[in-house]
Amino acid sequence: MHPPSLHAPPRSPAHRSALRCACLLALCSGLLTALVAVRWHPLTGADRDIARTTHRWAVGDPGLTHVVRILTDWVWDPTTLRLLCAVVALWLLWRRAAWWTAVWLVTVTALATVVQQALKAAVDRPRPVWRDPVDSAHYAAYPSGHAMTATVVCGLLVWLVHAYGAGPGLRRTAVGVAVVSVAGVGATRVWLGVHWPSDVLGGWLLGAALVAVAVAAHLRWRP
């Protein structure tokens, strides 16, 4: 049995709210992307100041930096999060009646990867460069793939937990884990000196916009 929220009719209040949220997030992420693309000085200056400070802390505390690398390379790695989505999709397929939601989940997660890689190639922002790096990363800097993937995966899963009628305790736990994961992965990328702060912010905004669009599509077209 599916909850009423998953059977919302076209143009329902929930659908309209999701669309409004998607438009606002898309506007914010588009503005930030434009500022990054034109190398807006106040933004790049703030990025450099924050990055220098966090890099100095990372070099000065190798023990904490090692823990941060474990978190970003294993716990919150995009591959780990995509595998989590795959497991949830398999569970939804096992329910048989939830096949459409399983396809929706996998499709949105894959689309997030395509969007972030396309933007990386289009903006082509260089990553921070240090004389004493504590970590390394590939591809261009903007947006942060870790931050965007965490936002998309956590956002979709939290919505599914609510939509499928989980109890209050599970809902609060899901939200708490999602907030810690999304914020934590962004902090780790800046701490390790592989992203500018605005890369992370861009990943968060773009990921949230994609989640809002995905939720609106689910509410509108689910059979």
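The structure under discussion appears in the preceding block.
Note on numbering: residues in each chain are counted from 1, in written sequence order. Since the coordinates come from a predicted model, pLDDT governs what is reported: local features require at least 70, and pairs of side-chain atoms require 80 or more to be given and counted, while whole-chain, interface and lining totals use all residues. Note that water and hydrogens are dropped before the side-chain values are worked out from all heavy atoms of the structure.

Here's the deal with unusual backbone geometry
Excluding glycine, most residues fall at negative phi; most peptide bonds, likewise, are trans. Of note, the amide linkage connecting Tyr142 to Pro143 takes the cis form, showing an omega dihedral of -5 degrees. Only runs of H or I of at least four residues qualify as helices and only runs of E of at least two qualify as strands under DSSP, and these elements are numbered from the N terminus. Following the sequence through the fold, Pro143 ends up in the loop between helix 5 (99-123) and helix 6 (145-163). For Asp124, which is not glycine, the phi dihedral falls at a positive 55 degrees. With respect to the helices and strands, the residue Asp124 is situated in the loop between helix 5 and helix 6.

Some words on helix 4 (residues 78-94)
Every helix has an expected span of 1.5 Å times one less than the residues it contains. Between its first and last C-alpha atoms helix 4 spans 24 Å; for 17 residues at 1.5 Å apiece the expected length is 24 Å, and the two agree. Here the term buried applies to any residue with accessible area under 20% of the maximum for its type, exposed to any over 50%, and partly exposed to those in between, with areas from a 1.4 Å probe on protein chains only. For helix 4, the full list of buried residues reads Pro78, Leu81, Cys85, Ala89 and Leu92. Along the axis of helix 4, the buried positions cluster into a sector of 85 degrees, meaning they face one direction only. In helix 4, those exposed residues whose orientation departs by more than 90 degrees from the buried face are Leu83, Val87, Leu90 and Trp94. Residues are treated as being in contact if the distance between any of their heavy atoms lies within 4.5 Å. On the buried face of helix 4, the contacting elements are helix 5 and helix 6. The residue sitting at the N-terminus of helix 4 and contributing the capping side-chain oxygen is Asp77; that oxygen lies 3.0 Å from the backbone nitrogen of Thr79. Arg96 sits one or two positions beyond helix 4 and adopts a positive phi of about 65 degrees. The arc in question is formed by the directions pointing from the helix axis toward the C-beta atoms. Definition of a polar contact: a pair of N or O atoms within 3.5 Å, with one able to donate and the other able to accept a hydrogen when the atoms are protein atoms, and with sequence-neighbouring residues admitted only if both atoms are side-chain atoms.

With respect to the packing of helix 1 (residues 13-37) against helix 8 (residues 197-221)
Under this scheme, a helix contributes an axis fitted over its contacting stretch, all axes are lines through C-alpha atoms, and angles between N-to-C directions fall in the 0 to 180 degree range. Direction vectors running N to C along helix 1 and helix 8 enclose 155 degrees, while the axes themselves pass 8 Å from each other. With respect to helix 8, the element helix 1 is oriented roughly antiparallel. Viewed along their axes, helix 1 and helix 8 form a crossing whose handedness is left-handed. Gly counts as polar in this scheme, as do all residues outside two lists: the nonpolar Ala, Val, Leu, Ile, Met, Phe, Trp, Tyr, Cys and Pro, and the charged Asp, Glu, Lys and Arg. In terms of residue class, the contact of helix 1 with helix 8 is built from 20 nonpolar, four polar and one charged. Any angle that falls under 35 degrees is termed roughly parallel, while one over 145 is termed roughly antiparallel, one within 65 to 115 roughly perpendicular, and all others oblique. Two helices that cross are described as forming a left-handed crossing if the nearer one is turned anticlockwise from the farther one by less than a right angle, and a right-handed crossing if clockwise.

Digging into the environment of Thr113
Structurally, Thr113 is set in helix 5. Expressed as a C-alpha distance, the spacing of Thr113 and Pro78, which sit 35 residues apart in the sequence, is 9.3 Å.

Topic: the pattern of salt bridges
By definition, a salt bridge exists where a carboxyl oxygen of Asp or Glu is found within 4 Å of a side-chain nitrogen of Lys or Arg. What the rule picks out here adds up to four salt bridges. Between Asp47 and Arg125 there is a salt bridge, and its shortest N-O distance comes to 2.8 Å. In this pair, Asp47 sits in helix 2 (residues 41-60) while Arg125 sits in the loop between helix 5 and helix 6, placing the two residues 78 residues apart along the sequence. Across the pair, exposure class does not vary: Asp47 and Arg125 are buried alike. Sharing partners across several salt bridges, the network here consists of Asp47, Arg125 and Asp199.

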